[in-house]
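Listed here are the chains, written in short residue letters.
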Amino acid sequence: AQKVTQAQTEISVVEKEDVTLDCVYETRDTTYYLFWYKQPPSGELVFLIRRNSFDEQNEISGRYSWNFQKSTSSFNFTITASQVVDSAVYFCALRDYNFNKFYFGSGTKLNVKP
Amino acid sequence: NAGVTQTPKFRILKIGQSMTLQCTQDMNHNYMYWYRQDPGMGLKLIYYSVGAGITDKGEVPNGYNVSRSTTEDFPLRLELAAPSQTSVYFCASSLQGDSGNTIYFGEGSWLTVV
């Protein structure tokens, strides 16, 4: 069965702090894709990153970085020098290869205080 | 750049009423999805479709129906609305492929059943 777990329900940090959002997934597929989405207070879902199961290279995009480790089935997301505008709910998701279905974690609400 | 468009954005229904949430995409994606997001919760898959004429149930299909007569449109029908269907509904689409294409979301429809 496919499953995504985001154990952190809510995190609060002060601006400029670094913060890591955890994501653990379960799948029997050897080929799969992992995603992170941001949902700001306005409600829309914004795509942040996609990773396939064959590529364990970490990725950095500005203040965002992602650490993909197949050995621990984790795909963690770090925001460096957080800003108030980073306040949002962040979802981790898994897409299976065969059926193109997306499975979402329950989300982590990030509060960045000035 | 319309992407995924869903209407209405807000709706209040009385218990027992029926309504249809409209969803259309202009990206020629073969996969379409309906998710619901309850307050403070993650996304749960209601129904999905792999192409025109083909639909399948997701995790929480009870109380809903869908149809997919064209590639572009994927309406969600609520029959006999119940308070438990108060939620935010997201329509989404993706393109099947080895590249693990991203899922694109509409802006959401806020539904309240009173």
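Look up a bit, the structure's there.
Okay, so let's go over this structure. (Residues numbered from 1 in each chain as written. Chains lettered and ligands numbered in written order. Predicted model: local features only at pLDDT ≥ 70, side-chain atom pairs only at ≥ 80, totals over all residues. Heavy atoms only, no water.)

Residue and element names in this part refer to chain B. Among the structural elements, glutamine 25 can be located in strand β3 (residues 19–25). One polar contact links the side chain of glutamine 25 to the main-chain amide nitrogen of asparagine 28, over a distance of 3.1 Å. Only 3.0 Å separates the side chain of glutamine 25 from the backbone oxygen of threonine 71, close enough to count as a polar contact. (Helix = DSSP H or I, 4+ residues; strand = E, 2+ residues; numbered from the N terminus. Polar contact = N/O pair within 3.5 Å; in protein donor to acceptor, adjacent residues only side chain to side chain.)

Residue proline 8 of chain B follows threonine 7 of chain B across a cis peptide bond; omega there is -5°. By secondary structure assignment, the location of proline 8 of chain B is in the loop between β1 (4–7) and β2 (10–13). With a phi close to 50°, serine 73 of chain A is a non-glycine residue in the positive phi region. On the secondary structure map, serine 73 of chain A appears in the loop between β8 (64–69) and β9 (74–79). If you check the backbone angles, alanine 81 of chain A has positive phi at about 50° while not being a glycine. As for its placement among the helices and strands, alanine 81 of chain A is situated in the loop between β9 and β10 (88–96).

Within this structure, the stated rule accounts for 23 aromatic pairs over all chains. Centre to centre, the rings of tyrosine 64 of chain A and tryptophan 66 of chain A are 6.0 Å apart; their planes meet at 85°, and the pair counts as edge-to-face. Neither tyrosine 64 of chain A nor tryptophan 66 of chain A differs from the other in exposure class; each is buried. Members of the aromatic cluster, connected to one another through ring pairs, are Phe35, Tyr37, Phe47, Phe102 and Phe104 of chain A together with Tyr31, Tyr33, Tyr35, Phe90 and Phe105 of chain B. The positively charged end of arginine 68 of chain B is found above the aromatic ring belonging to phenylalanine 74 of chain B, 6.0 Å away from the centroid. (Phe/Tyr/Trp six-rings, centres within 6.5 Å; stacked < 30°, edge-to-face > 60°. Buried < 20%, exposed > 50% of the residue type's maximum accessible area, 1.4 Å probe, protein only. Lys NZ or Arg CZ within 6 Å of the ring centre and 35° of its normal.)

All names here are of chain A. Overall, the coordinates contain six salt bridges over all chains when judged by the stated rule. Between arginine 51 and aspartate 55 there is a salt bridge, with its nearest N and O atoms 3.4 Å apart. Looking at arginine 51, the relative accessible area reads 8%, which means it is buried. Given the relative accessible area of 24%, aspartate 55 is considered partly exposed. Its salt-bridge partner being arginine 51, residue glutamate 59 comes within 2.8 Å of it at the nearest N-O pair. A cluster of three or more residues bridged by salt bridges with shared partners is formed by Arg51, Asp55 and Glu59. (Salt bridge = Lys/Arg side-chain N within 4 Å of Asp/Glu carboxyl O.)

Here we come to the interface of chain A and chain B. Each partner contributes to the interface: chain A provides 20 residues, whereas chain B provides 22 residues. Across the interface of chain A and chain B, roughly 1800 Å² is buried in total on both sides, 52% from carbon and sulfur atoms. The three residues of chain A that bury the most area against chain B are Leu45, Asn100 and Phe102 of chain A, which together make up 28% of that side's buried surface. Joining chain A to chain B, the criterion identifies zero salt bridges. For the pair chain A and chain B, the interface holds three residue pairs in polar contact (both at pLDDT 80 or more). Of all the secondary-structure elements, those providing two or more residues to the side of chain A that touches chain B are β5 (32–39), β6 (46–52), β10 and β11 (102–104) of chain A. For the side of chain A that touches chain B, the element with the most residues is β5 of chain A, which contributes four residues. By residue class, the composition of the side of chain A that touches chain B is ten nonpolar, seven polar and three charged. (Contact = heavy atoms within 4.5 Å. Buried area = accessible area lost by both parts, 1.4 Å probe. Nonpolar A, V, L, I, M, F, W, Y, C, P; charged D, E, K, R; others polar.)

Further remarks concern the state of the cysteines. Applying the stated rule across the entire model yields two disulfides over all chains. Across the disulfide, cysteine 23 of chain A is cross-linked to cysteine 92 of chain A (sulfur-sulfur distance 1.9 Å). Classification of the bridge connecting cysteine 23 of chain A and cysteine 92 of chain A rests on its S-S torsion, roughly -65°, and on that basis the disulfide is left-handed. Taken together, the residues span a long stretch of sequence, with cysteine 23 of chain A in the loop between β3 (19–21) and β4 (24–26) and cysteine 92 of chain A in strand β10 at a distance of 69 residues. For cysteine 23 of chain A, a relative accessible area of 0% translates into the label buried. When its relative accessible area of 0% is taken as the criterion, cysteine 92 of chain A is described as buried. Disulfide pairing places cysteine 23 of chain B opposite cysteine 91 of chain B at an S-S distance of 1.8 Å. Because the torsion about its S-S bond is -75°, the bridge between cysteine 23 of chain B and cysteine 91 of chain B counts as left-handed. (Disulfide = S-S within 2.5 Å.)

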